[in-house]
Amino acid sequence: MKFREGDRFWHKLLIPLYRREQNAEGWQARAPRPAEGSWVLGRFSSQQHELDLSLLWSAATLLLLGLVMVYSASIAMAEGSKFAKFSSTFFLIRHGIFLAVGVIAGAFAFQVSMRQWQAYAPWLFILGVVLLIAVLIPHVGKDVNGARRWIGFGIANFQPSELMKLAAVLYASDYTARKLKYMDSLKQGFLPLASVMVIIGLLLLMEPDFGALVVIVAISMGILFLGGINVRLFVILVLVLAASFTIMIASSPYRRQRIFWFLDPWQDPFGKGYQLSHALIAFGRGEWTGVGLGGSVEKLFYLPEAHTDFLLAVIGEELGFIGVAIVVGLFALLVQRCFAIGRQALQLDAVYAGLVARGCGIWFGLQSFINMGVNMGLLPTKGLTLPLMSFGGSGILANCVALAVLFRVDWENRQLMRGNKV
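This text gives an overview of the structure that appears in the document. Bear in mind the structure is a predicted one, so any value in this text is a computation, not a measurement.

1. Points about the sheet that holds strand S5 (residues 147-152)
Where strands meet in a sheet, backbone hydrogen bonds hold them as pairs that are either parallel or antiparallel.
Then, in step 1: Ordered by their spatial adjacency, three strands build an open sheet running S4-S5-S6, and the pairing between neighbours is antiparallel. Strands with a single pairing partner mark the edges of an open sheet, and in this sheet they are strand S4 (141-144) and strand S6 (157-158).
Then, in step 2: Strand direction decides the pairing type here: S4 and S5, joined by four bridges, are antiparallel. By the bridge assignment for S5, Gly-141 is matched with Ile-151.

2. Details of a nonpolar patch on the surface
Then, in step 1: On the surface, a cluster of nonpolar side chains totalling about 470 Å² of accessible area is made up of Trp-288, Phe-321, Ile-322 and Ile-326.
Then, in step 2: Checked against the element boundaries, Ile-326 lands in helix H12 (residues 311-347).

3. Structural notes on the packing of helix H6 (residues 160-178) against helix H8 (residues 210-226)
Then, in step 1: Interaxial distance between H6 and H8 falls to 9 Å at its minimum, and their mutual angle equals 15°. As summarised for this structure, H6 and H8 are arranged roughly parallel, according to the angle between their axes. Our pair here, H6 against H8, has a crossing hand that is right-handed. Residues Ser-161, Met-164, Lys-165, Ala-168, Val-169, Ala-172, Ser-173, Tyr-175 and Thr-176 of H6 form the contact with H8, whose own contacting residues are Ala-212, Val-215, Ile-216, Ile-219, Ser-220, Ile-223 and Leu-224.
Then, in step 2: Within the contact of H6 with H8, the residues separate by chemical class into eleven nonpolar, four polar and one charged.

4. Some thoughts on the pattern of salt bridges
Then, in step 1: Considering all chains together, one arrives at seven salt bridges under this definition.
Then, in step 2: Two residues, Asp-52 and Arg-337, come together in a salt bridge whose shortest N-O distance is 2.6 Å. Taken together, the residues Asp-52 in the loop between helix H2 (40-46) and helix H3 (53-79) and Arg-337 in helix H12 connect sequence positions 285 residues apart. Neither Asp-52 nor Arg-337 differs from the other in exposure class; each is buried.
Then, in step 3: Arg-178 is paired through a salt bridge with Asp-174; the nearest N and O atoms lie 3.2 Å apart.

5. Details of the pairing of S5
Then, in step 1: Of the pairings in the sheet, the one linking S5 to S6 comprises two bridges and is antiparallel in character. When the bridges of S6 are listed, Gly-152 appears paired with Asn-157.
Then, in step 2: Between S5 and S6, which pair antiparallel in sequence order, lie four residues; one of them, Gly-154, sits at a positive phi of approximately 80°.

6. Considering the nonpolar core
What tends to happen in soluble globular proteins is that the nonpolar side chains get buried as a cluster.
Then, in step 1: In terms of nonpolar packing, the biggest core is built from 78 residues, with Trp-117, Leu-334, Phe-364 and Leu-403 touching the most fellow members.
Then, in step 2: At 14 residues, H12 tops the list of elements feeding residues into this core.
Then, in step 3: In this view, Leu-334 contacts Leu-55, Ser-58, Ala-59, Leu-62, Phe-364, Leu-388 and Leu-403; residues no more than four positions away in its chain are not counted.
Then, in step 4: In this structure, Ala-167, Leu-203, Met-221 and Leu-233 belong to the second largest nonpolar core, which totals 29 residues.

7. As for the side chain of Asp-309
Then, in step 1: Within the fold, Asp-309 resides in the loop between helix H11 (274-286) and H12.
Then, in step 2: Buried and without a salt bridge, Asp-309 has Arg-149 as its closest oppositely charged side chain, separated by 6.5 Å.
Then, in step 3: Among residues more than four places away in sequence, those in contact with Asp-309 are Asn-371, Asn-375, Lys-382, Gly-383, Leu-384 and Thr-385.

8. Things to note about the packing of aromatic side chains
Then, in step 1: Here the structure, examined in full by the defined rule, presents eight aromatic pairs.
Then, in step 2: Pairing Phe-125 with Tyr-171 gives two aromatic rings, centres 4.5 Å apart and planes at 25°, and the pair type is stacked. Linking Phe-125 in helix H5 (residues 114-134) with Tyr-171 in helix H6, this pair joins segments that are 46 residues apart in sequence.
Then, in step 3: On the accessibility criterion, Phe-125 (5% relative accessible area) is buried.
Then, in step 4: Overall, Tyr-171 belongs to the buried group, its relative accessible area being 15%.
Then, in step 5: Between Trp-288 and Phe-321 the ring centres are 5.1 Å apart and the planes differ by 70°, which places this aromatic pair in the edge-to-face class. Of this pair, Trp-288 sits in the loop between H11 and H12 while Phe-321 sits in helix H12, and the two are 33 residues apart along the sequence.
Then, in step 6: Look at Trp-288 and you get exposed, because its relative accessible area is 61%.

9. As for the packing of H5 against helix H13 (residues 351-375)
Then, in step 1: In contact at an axis separation of 10 Å, H5 and H13 are set at 75° when each is read in the N-to-C sense. By the angle between their axes, H5 is roughly perpendicular relative to H13. Between H5 and H13, the contacting residues are Met-114, Trp-117, Gln-118 and Ala-121 on the first element and Tyr-352, Ala-353 and Val-356 on the second.
Then, in step 2: Classifying every residue of the contact of H5 with H13 gives six nonpolar, one polar and no charged.

10. Considering the state of the cysteines
A disulfide bridge is the covalent bond that connects two cysteines by way of their sulfur atoms.
Then, in step 1: In the structure shown here, the tally under the stated rule is zero disulfides.
Then, in step 2: Just so you know, Cys-338 is unpaired, no disulfide at all, and the nearest cysteine sulfur is the one on Cys-360, 6.2 Å from it.

11. As for unusual backbone geometry
Then, in step 1: Put simply, Glu-207 and Pro-208 share a cis peptide bond, and its omega is -5°.
Then, in step 2: Locating Pro-208 in the fold gives a position in the loop between helix H7 (186-206) and H8.
Then, in step 3: Here Phe-301, not a glycine, exhibits a phi torsion of approximately 70°, which is positive.
Then, in step 4: In this structure, Phe-301 sits in the loop between H11 and H12.
Then, in step 5: Residue Phe-301 is classed as exposed on the basis of its relative accessible area of 56%.
Then, in step 6: Backbone geometry at Leu-388 places phi at a positive 70°, although glycine is not the residue there.
Then, in step 7: Mapped onto the elements of the fold, Leu-388 is located in the loop between H13 and helix H14 (393-417).

What counts as what
Residues numbered from 1 in each chain as written. Predicted model: local features only at pLDDT ≥ 70, side-chain atom pairs only at ≥ 80, totals over all residues. Heavy atoms only, no water. Pairing = 2+ DSSP bridges. Helix = DSSP H or I, 4+ residues; strand = E, 2+ residues; numbered from the N terminus. Patch = residues over 30% accessible without salt bridge, like charges linked within 9 Å, V, L, I, M, F, W, Y side chains within 5 Å. Areas by Shrake-Rupley, 256 points an atom, 1.4 Å probe, with all protein chains shown as cover. Salt bridge = Lys/Arg side-chain N within 4 Å of Asp/Glu carboxyl O. Axes fitted to C-alpha atoms, helices over the stretch in contact; angles between N-to-C directions. Parallel < 35°, antiparallel > 145°, perpendicular 65-115°, else oblique. Left-handed = near helix turned anticlockwise from the far one by under 90°. Contact = heavy atoms within 4.5 Å. Nonpolar A, V, L, I, M, F, W, Y, C, P; charged D, E, K, R; others polar. Buried < 20%, exposed > 50% of the residue type's maximum accessible area, 1.4 Å probe, protein only. Core = buried A, V, L, I, M, F, W, Y, C linked by side-chain atoms within 4.5 Å. Lys, Arg positive; Asp, Glu negative; His and termini not counted. Phe/Tyr/Trp six-rings, centres within 6.5 Å; stacked < 30°, edge-to-face > 60°. Disulfide = S-S within 2.5 Å.

Distances and angles like these do not, on their own, reveal function.
In structure tokens:
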């Protein structure tokens, strides 16, 4: 690809990324030759300098900070639990293994081109549906705290809804990219995807997993909106969805109670408002700079699920407002880079890749927002973890693969700007 020496935008964007040589026609960009004979992980390492460093460091910081905070938040529970063999490092070791598996899976996922991801998307989605059905089968799905969301594999449990979030991003992007010319049509543009989402919604409600349902529906609707669906049609659909969620909440005494107790957890601080009241106490104790790493009192069997759903409350208590602000800032940077990479792909006419990148941004942004809102008492309590940070092998694995796909989109963008084929 050739560009003018006076073109400041391309000059500033591309010069730091790869070698150049000057000729009579202007600057000619040349990609460095890849190392020969490199293995998968070697190839991944050799290409890191061609990746978005802001995305890389924000994601890596969240993953490593999550490892530290999961250890800090789980020490008391691990030492007092027969399940954890009374070992203080039980959750640390398992979370470290999950991270290692996630990084290795991400390294392999990075080698898959976006063209291949698009071809695999329908099959991955079908696999996700099959697993959502399997988790409802007695003696296959595992019941924990009244919810059947996991499939046991001996040493670990797998949560199909986490895979479905990734599958929803890939499939909704593929569907939208194929149906671009039908985005103004209710029958041809929206209803086929909506009917599939209804099936997914019914399966998730049977578990039940209302939080995952909200995220998956938001991902699909967001990608349709970014794909250019008719605005009037989109507004009508949003109103219909809002009415549907309202009916689902009103028809379930359990969900109604969660709404009412979320509005005032102090009505029953030892009952329905127990989790939220202790999360708020944790934030209050942290103040500006926190009580210090490892100094949390709420994690000492007061705050349930401290290493999963309420990890941010422990961060607020131990690292204070400053620590929470850093976490929020890292997630904001991560989401911003997702949308920036997606915008760049769309400018290069890589529609599917651009929608996938922005779909991942919707996923990370919405789920982190819901988890933070629940921890701070801004939203009703939901069983959604903090992406990239909370304990949970299925979530970490899905998040790492999604990050690898994002890096692949960014890498292919840079190749296209050089004039190379991908």
